[in-house]
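Chain by chain, the residues:
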Amino acid sequence: GDTFQFGFHYRVAGFDVYLGEALLSLFALLLFGVVCIHGGRFAARVQTVMALILIVGVLIGFGAAVRGYNGNLFAVSPGFVPRKMHALAVVNIVALAPWAFSGFESISNSTQEFAFSPRRSLRIMLFAVITSAAAYCFLSLMAVSAPPESYESWVDYIGNLGFLSGLKGLPTFHAVNVYLGKPGLVILGVTVVAGVVTGLVGNYIAASRLIYALAEDDLLPRWFAELNGTNTPKNAILFVMLLSLPIPFLGRTAISWIVDVNTIGATIAYAYTSAAAYRRAQDEHSGLYRLTGGVGMVVSVLFFLYFMVPNLWSASALSAESYLILIAWSILGFGFFRYIYLRDTHRRLGKSTVVWIVLLFLIFFASMMWVRQSTRSTTREVLEDLNAYNERELAEYGVEMNEQERADSEYYLEQRMEIVNASLGRSGMIQTILIMAALFIMFSLYNSMMQREREMESRKIEAEQRNRAKSVFLSNMSHDIRTPMNAIIGYTALAKKVEGVPAEEMEFLDKIESSSEHLLALINDVLEMSRIESGKMELEVERTDLLKTLDEVRDLFAAQMQAKHITYTVEAEHIVNRMVLCDRNRFNRVLLNLISNACKFTPDGGQVNVTLTQSDSLEAAGRYELRVRDTGVGMSPEFAERVFDAYSRERTASSIQGTGLGMAITKNIVDLMQGTIEVETEPGKGTEFLVRLYFPFAPEANEEELRQTEELAKNDLDFSTMKLLLVDDNEINREIATMLLEDMGFAIDTAENGQLALDAVAASRPGEYRAVLMDIQMPVMNGYEAARAIRALPDEALASVPIIAMSANAFAEDVQEAHNAGMNAHIAKPIDVKKMTDTLTEVLRR
């Protein structure tokens, strides 16, 4: 009645909303939210007691109806609404199933808190469904069993409910009042309250446990998964409760809107679940579950169409507000999916374009239906206003319409509305088909693009894995090959220093040394190319004297050119700015590769000319051109086009040793320096390489820098007064390095691993060891660990002893890691005696 109709009120969709009724709803939401947050056995007892009250109350009312009804209550007549297909009438009732069944999921969701086995959960759920169906049937029979005396049958009574108020406007209450009087009204009132409570508690449980499950899977913040002492997700329930509090202020009409949306949402959820069951049944070859999953999908689609498409099967349609809420719900779904998709670090979501098509279709279709229903409502209002206007105009002219004429007018109005509905329906169907076709094409393209992206990503990952494996392999190969190469080159150098070696044996040693150096160059080329392909090669820009670099390469190749009677010139023209900022080692590598090739491919008596020209200059940088011209064998036009490809060699040059990597490495270095390289060649007439590079000018060196450079150039240190600690686990390497260092005048102590080296340094006097030569790959404690441990010694004098890495780990990252470990310098194996001498001089002079 009007018990709670107090306080301010307003209207929503034609219904009054009173403060008192809103407060009553808020009280119920808060009360049973607290009950659910308390959880455990208390919430279970409340739900059980309310469910029993609901069942008992329905049975009491139904028993009274059976006893008070004249004849068999199950034979109430008529059994169906007249002039309506019986099957369609049944469908109208069954179509409510998705909405009605959405509460039963709380049974399975409660297994988080109670030790339900799946089999027991199924029995409880079946019992709940059967009980609910029976209660629905009993209440429906009660409603039609006692129509007021002024109505011939329940059909007339139910058809006029919109015009009735009080108990007569509530058929079930009216029947109970007829059979049991006021006690019956109290019993049914308590039963309704019990039904409301079970619904509230059930939905709290269902929604909160779904949120809890999402949080457990890290798709929502962990705050939602926090449990209280009764193993209840209190925060999830609190969130649902707070989200529900504004709803009562939308009034009673909102119930029908939410029921509509909930019904469609449950239908979509059931369709998705059925599809998942069907897919899994296919994988597990289960015929029964494939059948039930397929039937579930079909039934869900039929239910969806039944609700969504007006006048397709049902006589009614959703309200315009329901369509609008459905649109908003779908867009919120997109937003929520984006949120959980970004949190899905395990890449479990976003793999099916079908879901996107369905959701987008739902938004488009609901939008279209909303426009249609809004247009239909507006059209009806306009027609009714026109009809009322015409009647008023006729009345002003004294023309009064009788009942038949009014009925004809209403019938005509309905006919016009049917035409409008049919037109809107046809337009809507055409629009739906066009939208579906566009969506299908769009997502088909999107799916193909995503498939291509996934394949590319897969290939990229595979390539990265191969590159990592290759890098590890090449690093290991570099170390393993350089170690015996160190012995070959080292012992060869020592053997050549022995006095009285016969000339013939000295020639053999020279050839061994030359072959060893060539083999080492091949190894370096392969490793350098590998670094280029993996993108690990980086420029190390430093102050460089271009003319000095040219002098060095001229001297380096002078003996080889003289041995082949080649006229060899190295010239610098118009060099105004000789000091530039560039990667000196890489620029030197370009010169070495080009001049080495010119020497190899130029026959005896030929010419090799190297020219460096500064073509132009700006305020801070200049453009330089390097030309290397020879009169050698030249190249064919076909090979000239691929001379910079890796591993490419011309067949006519098969007698020339090499990997075919020199020009590829040169091209990559030039590209890295943002320069260009061109080649002009002709078979039998020679080849010219033209390299254009752009270098920033370096600032002029001050007197202090010049003095330090001169001091470093002078090797005036007396090594005979110095002792070194040599650390290497390989006995042959220790022997070679010891002999070379002793030949330079050093006193040597040795250690076989990093731990022994640490112990030796810690036990030494400050200054006893002028430096430590440290291998990297060693047992017990490797070189990096030993260097860090030495730097951590409490005696600062011992901790600051210079440490030089002397290792077959020769990549740039190995050098960097040595510096990161606290080492002062790096010497690569096989040992280059000159480089070792220069490095020791530089470190010991500091």
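See the structure above.
Residues numbered from 1 in each chain as written. Predicted model: local features only at pLDDT ≥ 70, side-chain atom pairs only at ≥ 80, totals over all residues. Heavy atoms only, no water.

Undergrad: Describe a positive patch on the surface, listing the residues and the values that go with them.
TA: Judged by side-chain charge, Arg41, Arg45, Arg119, Arg120 and Arg123 come together as a positively charged surface patch. Looking at the positive patch, the elements that each hand over two or more residues are helix H2 (40-68) and helix H6 (118-145). If one sorts the elements of the positive patch by residue count, H6 sits on top with 3 residues. By the secondary structure assignment, Arg41 is in helix H2. (Patch = residues over 30% accessible without salt bridge, like charges linked within 9 Å, V, L, I, M, F, W, Y side chains within 5 Å. Areas by Shrake-Rupley, 256 points an atom, 1.4 Å probe, with all protein chains shown as cover. Salt bridge = Lys/Arg side-chain N within 4 Å of Asp/Glu carboxyl O. Lys, Arg positive; Asp, Glu negative; His and termini not counted. Charge placed at Lys NZ, Arg CZ, Asp CG, Glu CD. Helix = DSSP H or I, 4+ residues; strand = E, 2+ residues; numbered from the N terminus.)

Undergrad: Would you mind going over the sheet that holds strand E12 (residues 771-774) in detail, with residue names and values included?
TA: Taken together, the 5 strands give an open sheet; going across it, the order is E11-E10-E12-E13-E14, and neighbouring strands pair in parallel fashion. The open sheet has two edge strands, strand E11 (747-751) and strand E14 (825-828), and neither has a second partner. Ignoring strand direction, the axes of neighbouring strands in this sheet form an average angle of 25°. Helix H21 (residues 731-743) contacts strand E10 (723-727), E11, E12 and strand E13 (803-807) of the sheet and is inclined by roughly 165° relative to E11. Sheet contacts for helix H22 (residues 754-763): E10, E11 and E12; angle to E10, the most-contacted strand, approximately 155°. (Pairing = 2+ DSSP bridges. Axes fitted to C-alpha atoms, helices over the stretch in contact; angles between N-to-C directions. Contact = heavy atoms within 4.5 Å.)

Undergrad: Break down helix H9 (residues 234-244) for me, citing the residues and quoting the values.
TA: Inspection of H9 places Asn235, Ala236, Ile237, Val240 and Met241 among the buried residues, and these make up the whole buried set. Packed against the buried residues of H9 are helix H1 (19-38) and helix H8 (171-216). (Buried < 20%, exposed > 50% of the residue type's maximum accessible area, 1.4 Å probe, protein only.)

Undergrad: I'd like a rundown of the packing of H2 against H8, residues and numbers included.
TA: Running from N to C, H2 and H8 cross one another at 145°; their axes reach a closest spacing of 8 Å. For the crossing formed where H2 meets H8, the hand is left-handed. For the contact of H2 with H8, the per-class residue count stands at 16 nonpolar, 7 polar and 1 charged. (Left-handed = near helix turned anticlockwise from the far one by under 90°. Nonpolar A, V, L, I, M, F, W, Y, C, P; charged D, E, K, R; others polar.)

Undergrad: Please give an account of the pattern of salt bridges that cites residues and values.
TA: As enumerated under the stated definition, the model contains 23 salt bridges in all. Note that Arg627 is salt-bridged to Glu688, the shortest N-O span being 3.3 Å. With Arg627 in strand E7 (residues 621-630) and Glu688 in strand E9 (residues 686-696), this pair connects stretches of sequence that are 61 residues apart. The class for Arg627 is partly exposed, based on a relative accessible area of 31%. Linked through salt bridges whose partners overlap, the residues forming this network are Glu625, Arg627, Glu678, Glu688 and Arg692.

Undergrad: So what about the pairing of E13? Which residues, and what values?
TA: Across the 5 residues of E13, 5 count as buried, placing the element largely inside the fold. What you see with E13 is no split at all: Ile803, Ala805 and Ser807 on one side and Ile804 and Met806 on the other are buried throughout. Where E12 and E13 come together, 3 bridges link them in parallel fashion. Across the sheet, Val772 pairs through a bridge with Ile803, a residue of E13. Where E13 lies against E14, 4 bridges are found, and the strand directions are parallel. Considered in E14, the bridge of Ser807 is made with Ala828.

Undergrad: I'd like to hear about a nonpolar patch on the surface, residue by residue, with values.
TA: Together, Phe80, Val90, Ile93, Val94, Leu96 and Tyr136 give the surface a local cluster of nonpolar side chains, amounting to about 470 Å² of exposed area. Of the residues forming the nonpolar patch, the biggest block, 3 residues, is contributed by helix H3 (residues 86-94). With relative accessibility at 44%, the residue Ile93 sits in the partly exposed group.

Undergrad: Just give me the short version of the packing of aromatic side chains, but keep the residues and values in it.
TA: Inspection of every chain in the model, using the stated rule, returns 10 aromatic pairs. Note on Tyr151 and Tyr157: the rings are 5.7 Å apart at their centroids and 45° apart in plane angle, and the pair reads as tilted. Of the residues examined, Tyr157 reaches a relative accessible area of 0% and is grouped as buried. Geometrically, the ring pair formed by Phe644 and Phe689 is edge-to-face, given 6.3 Å between the ring centres and 65° between the ring planes. (Phe/Tyr/Trp six-rings, centres within 6.5 Å; stacked < 30°, edge-to-face > 60°.)

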